[in-house]
Amino acid sequence: MRKVLFHLNCFEQGGAERVVSNLVNRLVKDDYEVIAATEWQGEVEFQLDEKVRRIHVGLQKADEGKGRVLKIWLRFHYLRALMKKERPDVVISFTRRPNYRALICALGTGIPVITAVRQDPKSYYNSPVDKILIPLLYRRAAGCVFQTKEQGESFPASLCKKSRIILNPVNHKYIGVSKPEEREKLVVHSGRLVDFKNQLMLLGAFLQVHEKHPDYILKIYGGDSFDGTKEKLEKFIEEHKAGDYMLLMGASDELEKELPKGAVYAFSSDYEGMPNALLEAMALGMPVVATDCPCGGPRTVITHEENGLLIPVGDEKALALALNRLIEDRVLAERLGDEARRISERINEAAILEQWKEYIEEILG
């Protein structure tokens, strides 16, 4: 039985956390021993299988009054102590800081580390510290899982040669959903209300759509990230007296029921890793308009005019034109949606699990 130790910050609801929770829950069903070592326990987290051993490796209560430098050292100490105690066959870390911690803590242990890069490196790995640590530490990784080819361009070539591109698995509830007999006059969007998803541009574009199609409504599904974006969206809607046709719906656990009602799905991000929301919409067979944002997530899964439409980042007019095009040409829209649904063959949970298992075994030789 393989013993795998995953390291990440927490299992609070987010893209990377969703991927890891799905992955660990399926691995334990395939007779892997799985340890999930996290920095903290979030308030609202994805549910883990009872066979997954959850271990806290962050600061303890007794550490609260200690100095900053000592606290940093303790974070590494607790993780390294766990590695040395458990002796996993491999450590798999997700996102920037956990990747650094795992690579440093594994030094001298002989335990291989597979890192997973989730974000756009040019936005998240661009500090002076990153410029030092990336060439110094990432070359020591046994391997790395990227979501797009473009992500790898910011990392050592030696790492890229032993890396693998693996997309995010989509929850099975988004796969095999029947197409509605008739779409409602809706443009839909899903995702946290956060600055980089640029929902503000989507509101501006939809103003133009509404001028031409006043019977259409925009529904944005997503929880507040508390970065001020929700307030900006609410102010825009109020200033344009658009409350009747621009609706902030909040978070929903039934997107697989709500999204397919829409005529078009709009994706407006300025940058992303591999956006789960976009993959879910495609798996549901939605006609999609998406920004061609770095680090290449949308263009990895969308071929323009074949299974969706790609537009330049931040181009409000292009977004409005593309939305109007799919509203007006329903034959094209449904053809794109039918082709988009085929992504399910690549991103269902079983297919992604097999890719991870194959890569783990390849790294372990």
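The structure presented is a predicted model; accordingly, all values stated were derived computationally and were not measured. (Residues numbered from 1 in each chain as written. Predicted model: local features only at pLDDT ≥ 70, side-chain atom pairs only at ≥ 80, totals over all residues. Heavy atoms only, no water.)

## Observations concerning empty space enclosed by the protein
Reasoning step 1: Taken as a whole and judged by the stated rule, the model has one cavity of 30 Å³ or more.
Reasoning step 2: Empty space within the largest cavity amounts to approximately 40 Å³.
Reasoning step 3: In terms of lining residues, the largest cavity is bounded by Val19, Asn22, Leu23, Arg26, Pro169, Glu349, Ile352, Leu353 and Trp356.
Reasoning step 4: Among the secondary structure elements, those contributing two or more residues to the lining of the largest cavity are helix H1 (15-29) and helix H16 (349-364). (1 Å grid on protein atoms, 1.4 Å probe; cavity = no way out; pocket = protein on both sides within 12 Å on 5 of 7 lines; lining within 4 Å. Points joined across faces, edges and corners; volume = space filled by probe spheres on them. Helix = DSSP H or I, 4+ residues; strand = E, 2+ residues; numbered from the N terminus.)

## Topic: the state of the cysteines
Reasoning step 1: Per the stated rule, a full pass over the model turns up zero disulfides.
Reasoning step 2: Here Cys105 stays free of any disulfide, with the sulfur of Cys144 as its closest cysteine sulfur at 17 Å.
Reasoning step 3: Here Cys144 is not disulfide-linked; the sulfur of Cys160 is the nearest cysteine sulfur, at 7.7 Å.
Reasoning step 4: Residue classification places Cys144 among the buried positions, given a relative accessible area of 0%. (Disulfide = S-S within 2.5 Å. Buried < 20%, exposed > 50% of the residue type's maximum accessible area, 1.4 Å probe, protein only.)

## Section: the pattern of salt bridges
Reasoning step 1: Applying the stated criterion across every chain, the model contains 29 salt bridges.
Reasoning step 2: Between Asp30 and Lys357 there is a salt bridge, with the nearest N and O atoms lying 2.7 Å from each other. Here Lys357 lies in helix H16 and Asp30 lies in the loop between H1 and strand E2 (33-38), a separation of 327 residues in the sequence.
Reasoning step 3: Relative accessible area serves as the criterion here: at 32%, Asp30 is assigned to the partly exposed category.
Reasoning step 4: For Lys257, the salt bridge is made with Glu254, and the minimal N-O distance between the two is 3.3 Å.
Reasoning step 5: Bridged by salt links that share partners, the residues Lys179, Arg183, Arg330, Glu334 and Asp338 form one connected network. (Salt bridge = Lys/Arg side-chain N within 4 Å of Asp/Glu carboxyl O.)

## Things to note about the side chain of Arg183
Reasoning step 1: Structurally, Arg183 is set in the loop between strand E7 (163-165) and strand E8 (186-190).
Reasoning step 2: Given a relative accessible area of 13%, Arg183 falls into the buried group.
Reasoning step 3: Engagement of the side chain of Arg183 in a polar contact is seen with the backbone oxygen of Pro260, the distance being 2.8 Å.
Reasoning step 4: Engagement of the side chain of Arg183 in a polar contact is seen with the backbone oxygen of Gly262, the distance being 3.5 Å.
Reasoning step 5: When near neighbours in sequence (up to four residues on either side) are disregarded, Arg183 contacts Pro260, Lys261, Gly262, Ala263, Gly285, Met286, Pro287, Arg330 and Glu334. (Polar contact = N/O pair within 3.5 Å; in protein donor to acceptor, adjacent residues only side chain to side chain. Contact = heavy atoms within 4.5 Å.)

## Details of a negative patch on the surface
Reasoning step 1: Together, Asp195, Asp227, Glu231, Glu234, Glu238 and Glu239 make up a region of like negative charge exposed at the surface.
Reasoning step 2: By the element assignment, Glu231 lies in helix H9 (residues 229-239).
Reasoning step 3: With a relative accessible area of 44%, Glu231 lands in the partly exposed category. (Patch = residues over 30% accessible without salt bridge, like charges linked within 9 Å, V, L, I, M, F, W, Y side chains within 5 Å. Areas by Shrake-Rupley, 256 points an atom, 1.4 Å probe, with all protein chains shown as cover. Lys, Arg positive; Asp, Glu negative; His and termini not counted. Charge placed at Lys NZ, Arg CZ, Asp CG, Glu CD.)

## A word on the side chain of Asn324
Reasoning step 1: Within the element layout of this structure, Asn324 appears in helix H13 (residues 316-328).
Reasoning step 2: Relative accessible area serves as the criterion here: at 7%, Asn324 is assigned to the buried category.
Reasoning step 3: Asn324 has contacts with Gln208, Val209, Lys212 and His213, leaving out every residue within four places of it along the chain.

## Regarding the sheet that holds E7
Reasoning step 1: The parallel open sheet is built from seven strands, whose spatial order is E3-E2-E1-E4-E5-E6-E7. Taken across any chain shown, the strands that pair with only one partner, and hence form the sheet edges, are strand E3 (53-56) and E7. Taking each pair of neighbouring strands and ignoring which way they run, the sheet shows an average axis angle of 20°.
Reasoning step 2: Here three bridges tie strand E5 (residues 113-116) to strand E6 (residues 143-146), and the two strands are oriented parallel to one another. Directly across from Ile114, in E6, lies its bridge partner Gly143.
Reasoning step 3: On top of the sheet, H1 reaches strand E1 (3-8), E2 and strand E4 (90-94); it is set at about 165° to E1, its chief contact. (Pairing = 2+ DSSP bridges. Axes fitted to C-alpha atoms, helices over the stretch in contact; angles between N-to-C directions.)

## Some remarks on the sheet that holds strand E10 (residues 246-250)
Reasoning step 1: Ordered by their spatial adjacency, six strands build an open sheet running E10-E9-E8-E11-E12-E13, and the pairing between neighbours is parallel. Because the sheet does not close on itself, it has two edges, and the strands there are E10 and strand E13 (309-311). Direction aside, the axes of adjacent strands within the sheet are offset by 25° on average.
Reasoning step 2: Pairing analysis gives three bridges linking strand E11 (residues 264-267) to strand E12 (residues 288-291), with the strands arranged parallel.

## Let's talk about the packing of aromatic side chains
Reasoning step 1: One pass over the full model with this rule turns up nine aromatic pairs.
Reasoning step 2: Ring geometry for Tyr125 and Phe155: centres 5.4 Å apart, planes at 75°, overall edge-to-face. One end of the pair, Tyr125, is in the loop between helix H4 (121-124) and helix H5 (128-137); the other, Phe155, is in the loop between helix H6 (149-152) and helix H7 (157-161), and 30 residues separate them in sequence.
Reasoning step 3: Geometrically, the ring pair formed by Phe146 and Phe155 is tilted, given 5.5 Å between the ring centres and 50° between the ring planes. For the pair shown, Phe146 and Phe155 are each scored as buried.
Reasoning step 4: Taken together through their ring pairs, the aromatic side chains of Tyr100, Tyr125, Tyr138, Phe146 and Phe155 make up a single cluster. (Phe/Tyr/Trp six-rings, centres within 6.5 Å; stacked < 30°, edge-to-face > 60°.)

## Focus on H13
Reasoning step 1: Taking 1.5 Å as the rise per residue, H13 with 13 residues should run 18 Å; its terminal C-alpha atoms sit 18 Å apart, in good agreement.
Reasoning step 2: Regarding H13, the residues found buried are Ala318, Leu319, Ala320, Ala322, Leu323, Asn324, Leu326 and Ile327.
Reasoning step 3: Each element contacted by the buried residues of H13 is listed here: E8, helix H8 (199-212), E11, E12, E13 and helix H14 (330-341).
Reasoning step 4: Put simply, Asp315 is the residue that caps the front of H13, since its side-chain oxygen is 3.4 Å from the backbone nitrogen of Lys317. (Expected span 1.5 Å × (residues − 1).)

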